[in-house]
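Chain by chain, the residues run as shown.
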Amino acid sequence: MCSSLRTLAALLLLSFFIASKADFSRDVAITWGDQRAVVTNNGQQLSLSLDKTSGSGFQSKQEFLFGRFDMKIKLVPGNSAGTVTAYYLSSQGPLHDEIDMEFLGNLSGQPYTLHTNVYAQGKGNREQQFHLWFDPTADFHTYSILWNPQQIMFYVDGALIRVYRNHEKTGVSYPSKQAMRMYSSLWNAEDWATQGGRVKTDWTKAPFTATFRDVAIDGCLWTGSSSSCSPSTSAWMNQAAVTSDLQKMGWVQKNYMIYNYCNDAQRFPQGLPQECSL
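Source: prediction; values computed, not measured.

The rules behind the values
Residues numbered from 1 in each chain as written. Predicted model: local features only at pLDDT ≥ 70, side-chain atom pairs only at ≥ 80, totals over all residues. Heavy atoms only, no water. Helix = DSSP H or I, 4+ residues; strand = E, 2+ residues; numbered from the N terminus. Buried < 20%, exposed > 50% of the residue type's maximum accessible area, 1.4 Å probe, protein only. Contact = heavy atoms within 4.5 Å. Expected span 1.5 Å × (residues − 1). Arc of directions from axis to C-beta. Polar contact = N/O pair within 3.5 Å; in protein donor to acceptor, adjacent residues only side chain to side chain.

A.B. asks: An account of the environment of Pro 273 is requested, with residue identities and associated values reported.
C.D. replies: As for its placement among the helices and strands, Pro 273 is situated in the segment after β16 (257-260). The exposure class assigned to Pro 273 is buried, which follows from its relative accessible area of 13%. Note: C-alpha distance between Pro 273 and Tyr 261 (12 residues apart in sequence) is 8.6 Å. If sequence neighbours within four positions are ignored, Pro 273 has contacts with Tyr 261 and Phe 268.

Dropping the structure here:
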């Protein structure tokens, strides 16, 4: 009986940890940037800064094999040209998997570009880019990645903007076997980030700062050889886009998508990637 109670308590603790709002002081590690990464509000908020010497970044302490990841972010205001605020999942190694949301800065008054990509077994080149339909520097907005065995779904303020489906049965790689951590960083990418690198970072505007809060991770915790899922897993493990999601995605893609690799025949002269026709 005591053993059963201990097991139940452990499962409840695991469920609380995985499904609850994370604490930046407890659940992430600042990985670079020294004092440029600062945790405030009793662990509920974290700011990253970039100056000419260095950017900064953090990662989750735990790894996950599938999950839903939500983060509220207020992006660098003003002239953010050359900067990239990244929010992504990644495994390690040359054949790594990765799911990207990167925010490419721009001149004051010009829209941010949200750059999305999916890597599977070290291969990416699956970019879709969007302009945001609001000012992402004026307030916090929620950016979400839902990753389950069937598909990867990208959300902005609850609106679906992209779906990448699992077509492994037809030979298309999909991130399904490697556990990933959640990462965020703010860094200088003036060689490519803004208008193809034509607009450089204005260091007189430094330091540049992006702020993160209300990070929530509901995922299957990787223990080194297997994963453990909380009871809330069922809410997203088999989730698929419903009609209203697809309608919203269609609106976003029609009005705000600025690049889709599946439409870039010049880039793929030997033929578009296989998943583009599935």
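A.B. asks: I'd love a proper account of helix α4 (residues 243-256), names of residues and values included.
C.D. replies: The first and last C-alpha atoms of α4 sit 20 Å apart over 14 residues, in line with the 20 Å expected at 1.5 Å per residue. Those residues of α4 lying buried are Asp 245, Met 249 and Val 252. Considered in projection along α4, the buried side chains sweep an arc of 65° and stay on one side of the axis. The exposed set on the far side of α4, more than 90 degrees from its buried face, consists of Thr 243, Gln 247 and Lys 254. Contact partners of the buried residues in α4: β9 (128-131), β12 (159-165) and β16.

A.B. asks: Got a sec to walk through the side chain of Thr 194? Specific residues and values, please.
C.D. replies: Mapped onto the secondary structure, Thr 194 falls in the loop between β13 (181-188) and β14 (208-222). On the basis of relative accessibility, which here comes to 1%, the residue Thr 194 falls in the buried class. Separated by 2.8 Å, the side chain of Thr 194 and the backbone nitrogen of Gly 82 make a polar contact.

Just distances and angles here, no functional claims.
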